[in-house]
Amino acid sequence: MTIRAFIFDLDGVITDTAEYHYRAWKRLADAKNIPFTREDNDALRGVSRRESLERLLNGREISEPAALECLAQKNAYYLAYINRLRPQDRLPGVTAFLHAARRAEVKTAIASASKNARLVLNRLELTTHFDVIGDGNSVAKPKPAPDLFIWVADALQVSTAESVVFEDAEAGIDAAKNAGCLTVGIGGAKVNHADIHLKHGLKNVEPHSILRRLEALRSTRG
Ligand code: BG6
Ligand code: MG
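Everything numeric here is computed off the predicted structure, so don't read it as measured data. All chains use their own residue numbering, which begins from 1 and follows the written sequence. To read the labels, note that chains go from A and ligands from 1, taken in the order they are written. It should be noted that, the model being predicted, local features are given only for residues of pLDDT at least 70 and side-chain atom pairs only at 80 or more, the latter also being counted only at that level, while totals for whole chains, interfaces and linings use all residues. Processing note: side-chain calculations cover all non-hydrogen atoms of the structure and skip hydrogens and water entirely.

Describing the side chain of Thr17
Numbering goes from the N terminus for both helices and strands, where a helix is a DSSP run of H or I of at least four residues and a strand is a run of E of at least two. Among the secondary structure elements, Thr17 is positioned in the loop between β1 (5-8) and α1 (18-31). Residue Thr17 is classed as buried on the basis of its relative accessible area of 0%. A 3.5 Å cut-off defines polar contacts: any pair of N or O atoms within that distance qualifies, except that in protein one atom must be a possible hydrogen donor and the other a possible acceptor, and neighbouring residues in sequence count only when both atoms are side-chain atoms. Only 2.3 Å separates the side chain of Thr17 from the side chain of Asp11, close enough to count as a polar contact. If we skip the residues at most four places from it in the chain, Thr17 touches Asp11, Gly12, Tyr78, Ile82, Leu85 and Val120. In this scheme, a residue with accessible area under 20% of its type's maximum is buried, one over 50% is exposed, and one in between is partly exposed, where area comes from a 1.4 Å probe on protein chains only. Residue contacts follow a heavy-atom distance rule, with two residues in contact if any of their heavy atoms lie within 4.5 Å.

Examining the site of ligand 1
We call a residue near a molecule or strand when any one of its heavy atoms sits within 4 Å of it. The full set close to ligand 1 counts 16 residues, and Asp11, Arg49, Ser114, Lys115 and Asn116 are the nearest of them. At 2.7 Å from an oxygen atom of ligand 1 is found a side-chain nitrogen or oxygen belonging to Asp11. Ser114 is positioned with one of its side-chain polar atoms (N or O) 2.6 Å from an oxygen atom of ligand 1. Within the complex, the protein chains bury 96% of what would otherwise be the 390 Å² of accessible surface of ligand 1. Among the elements of the structure, α3 (49-57) and α4 (64-82) are those that each provide at least two residues to the shell around ligand 1. By the convention adopted, Pro, Cys, Tyr, Trp, Phe, Met, Ile, Leu, Val and Ala count as nonpolar, Lys, Arg, Asp and Glu as charged, and the other residues, Gly among them, as polar. Residue composition of the shell around ligand 1, grouped by class: four nonpolar, seven polar and five charged. All the domain ranges listed were derived from an automatic or database domain assignment. Residues lining the shell around ligand 1 come from more than one domain, with at least three contributed by each of domain 1 (5-16 + 90-221) and domain 2 (18-82). Note that accessible areas follow from Shrake-Rupley with a 1.4 Å probe, and for residues the cover is restricted to the protein chains shown.

Details of the packing of aromatic side chains
Working definition: rings of Phe, Tyr and Trp (its six-membered ring) pair if their centres are within 6.5 Å, and the pair is stacked with planes under 30 degrees apart, edge-to-face with planes over 60 apart, and tilted otherwise. Scanning all chains against the criterion turns up nine aromatic pairs. Centroid distance Phe6 to Phe8: 6.3 Å. Interplanar angle 75 degrees. Geometry classified as edge-to-face. Exposure class is identical for Phe6 and Phe8. Each is buried. Between the aromatic rings of Tyr22 and Phe36, the centroid separation amounts to 5.9 Å while the plane-to-plane angle is 20 degrees, which identifies the pairing as stacked. Residue Tyr22 is found in helix α1, and its partner Phe36 is found in the loop between α1 and α2 (38-42); the two are separated by 14 residues along the sequence. Of the two residues, Tyr22 and Phe36, both sit in the buried class. Linked through ring pairs, Phe6, Phe8, Phe97, Phe130 and Phe166 together constitute an aromatic cluster. Only lysine NZ and arginine CZ atoms are considered, and such an atom sits over a ring when it is within 6 Å of the ring centre and within 35 degrees of the ring normal. Looking at Arg23, its charged tip hangs above the ring of Tyr81, at a distance of 5.8 Å from the centre. Here Lys74 stacks its cationic end above the ring of Tyr78, 4.7 Å away from the centre of that ring.

Quick notes on the sheet that holds strand β2 (residues 107-111)
Pairing between two strands is assigned when DSSP locates at least 2 bridges connecting them. Pairing is parallel across the open sheet formed by six strands, whose spatial order is β3-β2-β1-β4-β5-β6. Only two strands of the sheet have a single neighbouring strand rather than two, namely β3 (132-134) and β6 (196-198). Strand-to-strand twist of the sheet, defined as the mean angle between neighbouring strand axes without regard to direction, takes the value 20 degrees. Sheet topology places β1 next to strand β4 (residues 163-167); four bridges connect them, and they run parallel. By the bridge assignment for β4, Phe8 is matched with Phe166. Angles shown run from 0 to 180 degrees and are taken between the N-to-C directions of axes, each axis being a line fitted to C-alpha atoms and, for helices, limited to the stretch in contact.

Here it is in C-alpha cells:
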C-alpha cells in the first residue's frame with residue numbers, strides 16, 4: 001500500500017514546547033510542594049492535561065474544584081510561554097521537511113493532544129502548511145487511544161495504513177500503532193515501539209528516505 005500522508009504530533013516534533021509544558025508543571029508543583037523533575041516530565045509527553053495532573057499528584061487527593069483550578073493555573077503559566085513563540089522556534093529541519101512533503105505530494109496533518117495546538121501553530125506561522133489539524137478538542141479519548149489518528153486520517157481522506165505518524169512520545173507511538181499507522185519516533189525520549197527512530201529529529205531528513213525505509217519494512221513484514 002502506498003504511503004499518502006504524514007501526520008505530525010506537535011509538541012516535541014514541530015517545536016520544543018515540551019520544555020514549556022515542563023516549566024509550567026514545575027511552577028505548579030513547586031507551589032504545591034510536590035516533587036517534580038525533568039524525568040517525571042518526560043513521562044508526561046503526549047499525555048493529556050487532565051491525566052498529566054493525575055500523574056503529578058501521584059495519589060494525592062484533591063477536590064474537583066481544586067483540580068480544575070490547578071489545570072487553569074498550569075495552562076495560564078503555559079500560555080505565557082507560548083505567547084512568545086516565533087517562527088524561529090520551529091525545530092531544525094521541520095520547514096524543509098514540510099516543503100519536501102508537499103513536493104512529493106504527500107498530505108500533511110497535525111494530530112496533537114493539546115488544546116493549544118492551533119495557537120502554537122499560529123505563533124510558528126505554520127497553520128497553512130497542514131491539510132488537517134486535529135487537536136485536544138477533536139476527539140474525546142486521548143492518546144494512547146487511537147481515536148485522534150483515526151479522526152485525522154478520515155479528515156485527510158486516507159486510510160490509517162496509508163499514514164505515517166511522527167511522534168516524540170511512546171504514548172503517541174502506541175496510539176498511532178493502535179490506529180494502524182506506520183510510526184517514526186522523534187528525538188531523545190523513549191520511543192522504543194516506533195518502526196523507525198530519528199534521534200536528531202527531522203534535520204537533514206528527506207521524505208523519500210522515510211518512505212523507502214517504511215515501505216521496505218512493510219514488505220518484509222508481508
Ligand atoms: C501534548 C503534550 O502534546 O499535549 C503534553 O505532549 C500536554 O505534555 C498535552 O499535556 C495537552 O496539552 P494542553 O496544551 O492541552 O495542556
Ligand atoms: Mg509530543
